[in-house]
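Structure assessment
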Amino acid sequence: MPILPAPQLLQRAGETSGGSGPGVSYDAFLGVIWALTALATVFLAVRLQSRYRGPRRLFWDDGFAIFAWSLALATAILWQAEASNMYYSLNVAAGLVPPGSASDVQNRLLRYIHSEFAALILYYSTICTIKLSYLFFFRRLGSNIDRFGWIWWPILLFVLAAYFIMLGTYPYSCSTTTSIVYLSTHCNSAYFHHYTTIILDLSCVLDVVSDALILIIPFALLWKVRIRRAKKVAFLGLFSVSVITIVVAIVRTASANDTKVSNGQFDPTFLYLWSAVEACVAIIVSCLSAFPQLFAGSPRNAKPIFTPSDTYRAMMSRIRARRTGGGDSGSGPYTTMHGQELEPYSTSQVSDSGKLLDGLKLPK
C-alpha cells in the first residue's frame, strides 16, 4: 500500500473526516457504551434467572436476546479497541493534535474506516435480532389463538426484508478500501454524502415501521383474550415500552443529521454512540417485556389448589342430607338426579406449559 507524503496525507485525512474534531469526548463515548452494555447484561441475567426459577428452559426469544446481547458486547469491545484510532484521525484532521509519521496516520485512518463498517453491521444485526426476539415471544403467547399467523408471518417477512435492504444498500466500497485517494475523492463527494443521508433516513423509517408493526401483535392478542379490563391495560402498557426503542431510533437519526460537519459528513462520534445506545436500550426493553413473573407464577413455588367439581359438590350435598336424616343410607355409587353415576372429585395443580396466556378464556 503506497504511503502518501505527510502534508498531502493530512489534507486527505481532513477531507475524509470532514476536518472537524469529535463532538463527543473519548471518555464519554466509551463510558456511555460500556455503562449501557453493563445495564443490558444485568437485565438479560435477570431474564435468564427468571427462566431458571420458572420453566427451567430457554425459548427461542431468549436465544435471540442472548445473541443480540453478544453482538452489543462485540460492539463495545470493538470500540474499546478502535475508538482511539477514530479520535486520533478526527483530531489530526482538525489540527487538534500533532500527527505522527505518515505511515502511522494512514494506517490508523484506515483502521478507523474499517471499524466503522464493522460497527454498522453489528448495529443492524443487533436491532434485527431483537425484533426477532419480540416476534418469537409474541408467537409463544399467541400459539393458541386462531389465525394468529396471518399477522405474525407478514411482520416477520417485513423485518427480515428491512434487514437485508439495509445490508444491500450499504456503501461497502468506502468501508473496505485501502486507498486514501479513493476515500478523499469518491467517498468525500457531494453525491456520496447525499447518498449516506438517504441511507440513514431509510434505516430509521424501516426501523420505526417494523417496531410499530410488532406493536400491533400484543394489541391483537389482547383483543382476543377475555380478561379484566384493568389487567388488559396493564399488559398493553408493559408491551408498549418498546416505544422507547422507536424514540431512540428517531433521536439517533435526528442527532446524526443535526451534527453534520462542514462538508456534509456525519460526526461519527454522535452516530456510533447513538447506534450503541439504541442497541442496548432495545435489549433492555425486550427483557422488560419478557419477564414471566409478570404473566404467571413460578410452577415450582406453586402449591396444589383444590378445585371442587360439580360432582364433588353433589356428593357432599348427599352426605349432609343423610346426616340430617333427609337422604337414603344405601350403599353403592351415588347418582345425580338424572341417574348419572357420580365421578370422584379432582384436584388441580398450577403448571407451566410454556404458554404465558394459558388459563385465559379465549373465544372459540
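If you're wondering where the values come from, they're calculated on a predicted model, not measured in any experiment. (Residues numbered from 1 in each chain as written. Predicted model: local features only at pLDDT ≥ 70, side-chain atom pairs only at ≥ 80, totals over all residues. Heavy atoms only, no water.)

Let us now look at the overall build of the protein. Of regular secondary structure, the protein possesses twelve helices and zero strands. Along the protein, helices and strands appear, N-terminal first, in the series α-α-α-α-α-α-α-α-α-α-α-α. Across the 364 residues that make up the protein, the buried fraction comes to 45%. Of the roughly 18200 Å² of accessible surface on the protein, 63% is carried by carbon and sulfur atoms. (Helix = DSSP H or I, 4+ residues; strand = E, 2+ residues; numbered from the N terminus. Buried < 20%, exposed > 50% of the residue type's maximum accessible area, 1.4 Å probe, protein only. Areas by Shrake-Rupley, 256 points an atom, 1.4 Å probe, with all protein chains shown as cover.)

Inspection of every chain in the model, using the stated rule, returns eight salt bridges. For Asp61, the salt bridge identified is with Arg47, shortest N-O distance 2.8 Å. Of this pair, Asp61 sits in helix 3 (residues 60-93) while Arg47 sits in helix 2 (residues 26-53), and the two are 14 residues apart along the sequence. No difference in accessibility class separates Asp61 from Arg47, as the two residues are buried. Here Asp61 ties to Arg140 by a salt bridge, and the two come within 3.3 Å at their closest N and O atoms. Of this pair, Asp61 sits in helix 3 while Arg140 is found in helix 4 (residues 102-141), placing the two residues 79 residues apart along the sequence. By the burial criterion, Asp61 is buried, and Arg140 matches it. (Salt bridge = Lys/Arg side-chain N within 4 Å of Asp/Glu carboxyl O.)

The next point concerns the state of the cysteines. Per the counting criterion, the structure on display carries one disulfide. Each disulfide pairs two cysteine sulfurs, and for Cys174 the partner residue is Cys187, the sulfurs being separated by 1.9 Å. Disulfide Cys174 to Cys187: torsion about the S-S bond roughly -95 degrees, handedness left-handed. With Cys174 in helix 6 (residues 173-176) and Cys187 in the loop between helix 7 (180-185) and helix 8 (190-224), this pair connects stretches of sequence that are 13 residues apart. Each member of the pair, Cys174 as well as Cys187, is classed as buried. (Disulfide = S-S within 2.5 Å.)

The grouping of Val243, Val247 and Val251 at the surface amounts to a nonpolar patch, some 200 Å² of accessible area in total. Checked against the element boundaries, Val243 lands in helix 10 (residues 243-258). Taking the relative accessible area as the measure of exposure, Val243 reaches 36% and is therefore partly exposed. (Patch = residues over 30% accessible without salt bridge, like charges linked within 9 Å, V, L, I, M, F, W, Y side chains within 5 Å.)

As enumerated under the stated definition, the model contains 17 aromatic pairs in all. Their ring planes at 70 degrees and their centres at 5.2 Å tell us that Tyr170 and Tyr172 sit as a pair that is edge-to-face. Using a relative accessible area of 32% as the deciding quantity, one classes Tyr172 as partly exposed. Three or more aromatic residues link up through ring pairs in this structure, and these residues are Tyr26, Phe29, Trp79, Tyr87 and Tyr272. Just above the ring of Tyr88 sits the side chain of Arg108; from NZ or CZ to the centre is 4.1 Å. Cation over ring: Arg140 sits above Phe59, and NZ or CZ is 3.8 Å from the ring centre. (Phe/Tyr/Trp six-rings, centres within 6.5 Å; stacked < 30°, edge-to-face > 60°. Lys NZ or Arg CZ within 6 Å of the ring centre and 35° of its normal.)

Summary statistics for the protein give a mean pLDDT of 79 and a share of 74% for residues scoring 70 or more. Under a pLDDT of 50 for its full length, residues 1-16 has, in the predicted model, 36 contacts with residues more than four places off or in other chains. Low pLDDT, under 50, characterises residues 327-364; the stretch is placed with 66 contacts to residues that sit more than four places away or in other chains. (pLDDT = per-residue confidence, 0-100. Contact = heavy atoms within 4.5 Å.)

To continue, consider helix 11 (residues 268-289). Here helix 11 spans 32 Å end to end across 22 residues, near enough to the 32 Å set by a 1.5 Å rise per residue. With 19 of its 22 residues buried, helix 11 lies for the most part within the structure. (Expected span 1.5 Å × (residues − 1).)

Checked against the element boundaries, Arg51 lands in helix 2. Engagement of the side chain of Arg51 in a polar contact is seen with the side chain of Asp62, the distance being 2.7 Å. (Polar contact = N/O pair within 3.5 Å; in protein donor to acceptor, adjacent residues only side chain to side chain.)

Within an α-helix, residues lying three or four positions from one another point in the same direction, as the helix has 3.6 residues per turn. An ideal rise of 1.5 Å per residue puts 58 Å on 40 residues; helix 4 measures up with 59 Å between its terminal C-alpha atoms. Of all 40 residues that make up helix 4, 30 are buried, and the element is covered over most of its length.

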